[in-house]
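Notes for the structure review
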Amino acid sequence: MTTPDIAARRALVACAALMVGALTLTACGGDAGAKNDGKGGDSPKTSTAKIAISAKDGSTGASINATGVKVSDGKLTEVKMTVAGSGQAVPGAISADGHIWKPERQLERGTKYEINATAKDPDGRTAAANAIFTTVSSANSFIGTYTPDNGATVGVGMPVSFTFDKSITDKKAVQSHITVNTSSGQQVAGHWFGDRRLDFRPQEYWKAGSKVTMNIDLDGVQGAQGVYGVQKKTVSFTVGRSQVSTVDVNTQTMTVVRDGQTLKSVPISAGSPEHTTYNGQMVISEKFTQTRMNGSTVGFGGEYDIPDVPHAMRLTTSGTFIHGNYWYNKGNPPFGRTGTSHGCVGLADVQGAQGDTSAKWFYDNTLIGDVVIVKNSPDTTVAPDNGLNGWNMSWSAWTAGSAV
């Protein structure tokens, strides 16, 4: 039999036990609103550093220019990039502030790469990220080879000329991502010759001494169905002094004018009556101290094959040069008298390109991009796309060929 006193004592003991249990649960579970400082038995916090690799893991068609690693709320400690499979290292560098890593060189097209990156947040906690990806393939990309090269000094007639390795169907998209500006303030316009060549020039020759800058921003630009650009760079060149040389076929002479002053009048021998020289404005695009000229490569069969033509400067793609001639008839020199070539402009020279000759003087005083004008020839005017000779097109026709 339980007495009232005994029952009361048992109830007090039960209440005490419940209170202890409640206190114990509170101590172990913590207050939902209490601050978690990450100490003691709590799980450690993850790093707040967030690493972003430009190319997603498993992606194809990645840029060969924009690949890199960035981190926010932390600093990169190590980035390793390799060619997947071979393990060949891709050199690169972390920026001074520790936020960016970039490869030292442009990546190769159609190549699989792997990136492994680590970083630390301000509290020293480490984060890691990795990606394996493949760059855009050659079949799905296009590249434009261009002239002039970065840092070049050229003549006033030198256009900016791009030749693409794929046919471009979206000409507007491609042209709008190439800008050409000059310190002289001249307006510059583009012109398409077919679907693979795009040239830029001002209405008149470049101003002597000006600087021309072309910004190529084609990376990721779709030039045709499934074909994307991969180039992203800025190229600058300088326009040198103004030199324009005029060949008069009637008199078989060439007058060289620099910055408005006549430097020299040089006797020449232009094309023969059977093989006349083009008329028109022609830009010197290449220079060779000596080169081989074989008639079979330009439609003249075996009429000539000269292995060491001295001081040769190209005027057209089809094979017109202004060059030295050492094989002329010494008893009856043609220079200043008659045309004897297969369409080229010849100057007196010696074999080996070493003599003090008219040809050597002109070669030494010529820049790529200088202009040679031929007049009074019975031939037609050179086609604007036969070499870098767009100056033979009116400005209205030139701008009509622009896609923007």
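Keep in mind the model is a prediction, meaning the values are calculated, not measured.

Each value, and the rule that gives it
Residues numbered from 1 in each chain as written. Predicted model: local features only at pLDDT ≥ 70, side-chain atom pairs only at ≥ 80, totals over all residues. Heavy atoms only, no water. Helix = DSSP H or I, 4+ residues; strand = E, 2+ residues; numbered from the N terminus. Buried < 20%, exposed > 50% of the residue type's maximum accessible area, 1.4 Å probe, protein only. Contact = heavy atoms within 4.5 Å. Pairing = 2+ DSSP bridges. Axes fitted to C-alpha atoms, helices over the stretch in contact; angles between N-to-C directions. pLDDT = per-residue confidence, 0-100. Salt bridge = Lys/Arg side-chain N within 4 Å of Asp/Glu carboxyl O.

Here we look at the environment of Ala84
Locating Ala84 in the fold gives a position in the loop between strand 3 (75-83) and strand 4 (92-94). Residue classification places Ala84 among the partly exposed positions, given a relative accessible area of 24%. Put simply, Ala84 and Phe133 are 49 residues apart on the chain and 8.8 Å apart in space, counted from C-alpha to C-alpha. The contact partners of Ala84, leaving out residues within four places of it in the chain, are Lys112, Tyr113 and Glu114.

Points about the sheet that holds strand 20 (residues 253-258)
What links the strands of a sheet is backbone hydrogen bonding, and the strands pair in either a parallel or an antiparallel sense. Reading across from one edge, 21-20-19-27-22 is the order of the five strands in this open sheet, with mixed pairing throughout. Pairing within the sheet leaves two strands with one partner each, and these edge strands are strand 21 (261-267) and strand 22 (280-283). The average undirected angle you get between the axes of adjacent strands in this sheet is 20 degrees. Relative to strand 27 (residues 371-375), strand 22 is paired through four bridges, and the arrangement is antiparallel. Looking across to strand 27, one finds that Met282 is bridged to Val372.

Concerning the confidence of the model for the protein
In this model, the protein carries a mean pLDDT of 89, and residues with pLDDT of at least 70 account for 87%. Here residues 1-41 scores under 50 on pLDDT; set against residues more than four positions off or in separate chains, the count is four contacts.

A closer look at the pattern of salt bridges
Pairs can form between side chains of opposite charge whenever their charged atoms are close. Here the structure, examined in full by the defined rule, presents eight salt bridges. For Arg109, the salt bridge is made with Asp165, and the minimal N-O distance between the two is 3.9 Å. One end of the pair, Arg109, is in the loop between strand 5 (100-103) and strand 6 (112-120); the other, Asp165, is in the loop between strand 11 (160-164) and helix 2 (171-176), with 56 residues separating them in the sequence. As a salt-bridge pair, Asp121 and Arg125 come within 3.1 Å of each other at their nearest N and O atoms. The class for Asp121 is buried, based on a relative accessible area of 5%. Taken together, the shared-partner salt bridges connect Asp121, Asp123 and Arg125 into one network.

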